[in-house]
Amino acid sequence: MSASRRSGTTDELGPEEPGQPERDGADLLAALLDGMDAALCAFDADGVVTHWNREAERILGWSAAEAVGRQGFAGWAVRRADAGEVEERLLSAMGAPGRQVHEFALLTKDGGRVLVRTQSAAVRGPDGRPAGVYCAFSEVHTQIDLERSIALSEALLEDAGWGVVLVDVDLRPAVVNAHAARALGAGRSSVLGRPLGDLLAQGVEELESALTHVLAEGAPPTPAEVWVSVRTPEGERRRCWRSGFVRLASPLAEEPVPLGVGWLFQDVTEGRQAEQEAALLRFRANQLHRAARAAAECEDPAEAAVVHLDFALAGFADHALIDRIAGGVTEPGTEAAGPVRLVRVAATPSGAPGPSVPAGTTGMPVRYGEGHPAVQCVERAGSVRASAGVRAVPAERVREWATARQWPADTVHGLCAVLRSRGRTLGVVTFLRGAGRSAFERSDAMYAEDVAVRIATALDLAGAVEPR
C-alpha cells in the first residue's frame with residue numbers, strides 16, 4: 001500500500017511535471033516520504049488523512065493502509081476526549097503563516113501512549129488557497145536529545161572554557177572555538193584550513209601522530225598532555241595542553257565514515273611548570289645534602305670543594321670551573337690594586353663527561369680578557385650570566401665566542417658565581433651549558449650561589465688562597 005492515496009492527493013502537495021503519468025509521480029512521492037527520517041502525515045481540507053509514511057508507522061504502529069482515508073485521529077491515534085482539540089490545533093495551520101509547533105499524546109496500535117512534538121503547516125493548492133495540512137512529528141525524547149546535541153555543540157564552540165577544534169581527515173582545523181583561537185594566537189577564521197605546522201613551532205609531530213591514531217583506531221582511553229610552542233606576534237610561547245580526542249563519524253552512512261577528530265584541550269602550563277619547579281627544587285636540595293655528606297668524609301678540604309662541584313653538575317650544567325684570585329684575596333671594604341687575575345683550581349673534562357680534575361700547582365693566571373664574566377663576577381662580588389644567543393648567531397660565531405672566553409668550544413651559556421668566605425672574595429665558580437640546554441635563569445643563579453658558598457668554605461679551610 002502506498003503512503004498516499006492515489007486519487008488527487010499528489011496534486012494537493014505539489015503539481016506533477018507536465019507529461020508525467022500520475023502513477024509515476026505518486027510512486028516517487030511515496031518513495032520520498034517513506035525515506036524520510038521524520039514521521040509525516042498529511043490531511044486534506046476536511047481533515048482526512050491523505051499521507052502516512054513508514055516512520056509514522058514505526059512510531060505508532062499503524063500502517064499506511066490503516067491510516068490513509070481516516071477522518072482525523074479520533075478513536076485510533078488520539079483519545080476521543082482529546083480528538084477535537086488536537087484536530088482544531090492541527091487544522092488551524094491552514095489559516096496561519098509559517099509553521100506551528102505543538103506537543104500531543106498520540107496512541108499506538110497496541111494501546112500505548114507516545115508524547116510527540118509536531119510541526120504543521122498549510123499545503124497550498126494550484127490557486128494558492130489552503131488545500132490541507134502536513135504534519136511532521138517525532139517522539140519528544142528524540143527531539144529533546146537532538147536539541148541537546150545541537151545546544152551542546154553550540155555551547156562548546158562558543159562559550160566553552162577550554163579549546164575545541166574540529167580537525168578534518170587532512171589534519172587541518174575545520175572549526176575552532178574562540179578559546180582555541182586565542183590559545184593558538186590567531187583569529188578563528190585565519191586558523192581554518194591551515195596546516196598545524198603553520199601555527200605551532202614545536203610539538204606538531206606529536207599532535208599529528210595523536211590525531212592520526214584517533215582517525216585509525218579511535219579515541220585513547222585517557223587524556224594526553226602535549227607540550228607545544230605556539231607562534232605569536234610576540235614570539236614563541238611554550239605551553240602544555242591537556243588534550244582529549246574523539247573520532248567523528250557520519251551518522252548518515254551505513255558504515256562509519258570518519259569525518260575528522262574532535263580535539264578538546266585545556267592549558268595546564270602553569271600547573272605543570274609549578275610541579276616541575278617543585279621537583280627541581282627537591283632534586284637540587286637533595287644534591288646539596290648528598291654533597292655535604294660526601295664532602296664531610298674528605299680529609300683534604302680542597303677535595304671537598306671538588307666534590308661539591310661534581311654533585312652540582314648533575315642535571316644543571318655540562319662543564320664547571322673553579323678559579324681563585326692570584327696573589328691573595330679581596331678584603332672587605334678594599335679595592336684591588338690592579339687587574340683581577342684568576343688561577344685555575346679545578347675543572348671538568350672538556351671532551352667528555354667526568355669528575356672534576358684539580359689543575360695542579362703551576363699558579364699561572366688564566367688568560368681572561370677585560371670584561372670577562374668571571375672577572376666581572378669578582379669585581380661586582382655577585383653572579384654574572386652570559387649567553388651567545390644561539391638563535392641569531394651562526395655556529396661558527398658561537399665557537400669563536402666560547403674560545404675567546406677560554407671556555408670549551410661547545411659552550412653556549414655561562415654562569416659565574418663569586419666564592420666568598422669570612423667576608424672575603426676568594427675566586428669564582430663557573431658553570432657552562434651547551435646548545436642542548438636553555439640559558440641560565442635567575443633560579444639557576446640562586447642554586448649556583450648556594451653551591452659557591454660551600455665551595456668557598458672548603459677552599460678557605462684548605463688554605464687554597466695566599467695568607468693575608
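Everything discussed here concerns the structure shown above.
Reference entry: report on the structure contained in this document. If you're wondering where the values come from, they're calculated on a predicted model, not measured in any experiment. (Residues numbered from 1 in each chain as written. Predicted model: local features only at pLDDT ≥ 70, side-chain atom pairs only at ≥ 80, totals over all residues. Heavy atoms only, no water.)

With that settled, the discussion passes to the packing of aromatic side chains. For the coordinates displayed, the defined rule picks out 13 aromatic pairs. Considering the side-chain rings of W263 and F265, the 4.7 Å spacing of their centres and the 35° angle between planes classify their relative orientation as tilted. You'll find W263 and F265 in the same group, each marked buried. Arranged with centres 5.0 Å apart and planes meeting at 75°, the rings of F316 and Y447 form a pair that is edge-to-face. Placement of F316 in the loop between α12 (301-313) and β12 (319-325) and of Y447 in helix α15 (residues 442-462) is noted, with a sequence separation of 131 residues between them. Of the two residues, F316 and Y447, both sit in the buried class. Members of the aromatic cluster, joined through ring pairs, are F43, W52, W62, F73, W76 and F137. (Phe/Tyr/Trp six-rings, centres within 6.5 Å; stacked < 30°, edge-to-face > 60°. Buried < 20%, exposed > 50% of the residue type's maximum accessible area, 1.4 Å probe, protein only. Helix = DSSP H or I, 4+ residues; strand = E, 2+ residues; numbered from the N terminus.)

Once that is clear, we can look at unusual backbone geometry. In most cases, non-glycine residues show a negative phi, while peptide bonds are predominantly trans. Backbone geometry at L171 places phi at a positive 65°, although glycine is not the residue there. Inspection of the secondary structure assignment puts L171 in the loop between β6 (163-167) and β7 (173-176). With a relative accessible area of 15%, L171 lands in the buried category. The backbone of A381 sits at a positive phi, close to 55°, despite the residue not being glycine. Residue placement: A381 occurs in the loop between α13 (373-380) and β15 (384-387).

Our next topic: the sheet that holds strand β3 (residues 100-107). The strand order across the open sheet formed by 5 strands is β2-β1-β5-β4-β3, and the pairing between neighbours is antiparallel. Two strands in the sheet have a free side with no partner beyond their single neighbour: β2 (49-52) and β3. Neighbour-to-neighbour, the strand axes of this sheet turn through a mean angle of 30°, independent of strand direction. Pairing analysis gives 9 bridges linking strand β4 (residues 113-124) to strand β5 (residues 130-139), with the strands arranged antiparallel. (Pairing = 2+ DSSP bridges. Axes fitted to C-alpha atoms, helices over the stretch in contact; angles between N-to-C directions.)

Scanning the entire structure with this criterion turns up 18 salt bridges. Residue R344 pairs with D323 through a salt bridge whose shortest N-O separation is 2.5 Å. Of this pair, R344 sits in strand β13 (residues 342-347) while D323 sits in strand β12; the two residues are 21 residues apart in sequence, bridging distant segments of the chain. Overall, D323 belongs to the buried group, its relative accessible area being 0%. One salt bridge connects R424 with D460, and the closest N-O pair in it is separated by 2.8 Å. Placement of R424 in strand β17 (residues 424-433) and of D460 in helix α15 is noted, with a sequence separation of 36 residues between them. Owing to a relative accessible area of 4%, R424 belongs among the buried residues under this scheme. It is possible to trace a salt-bridge network through shared partners that takes in E225, R242, R272 and E275. (Salt bridge = Lys/Arg side-chain N within 4 Å of Asp/Glu carboxyl O.)

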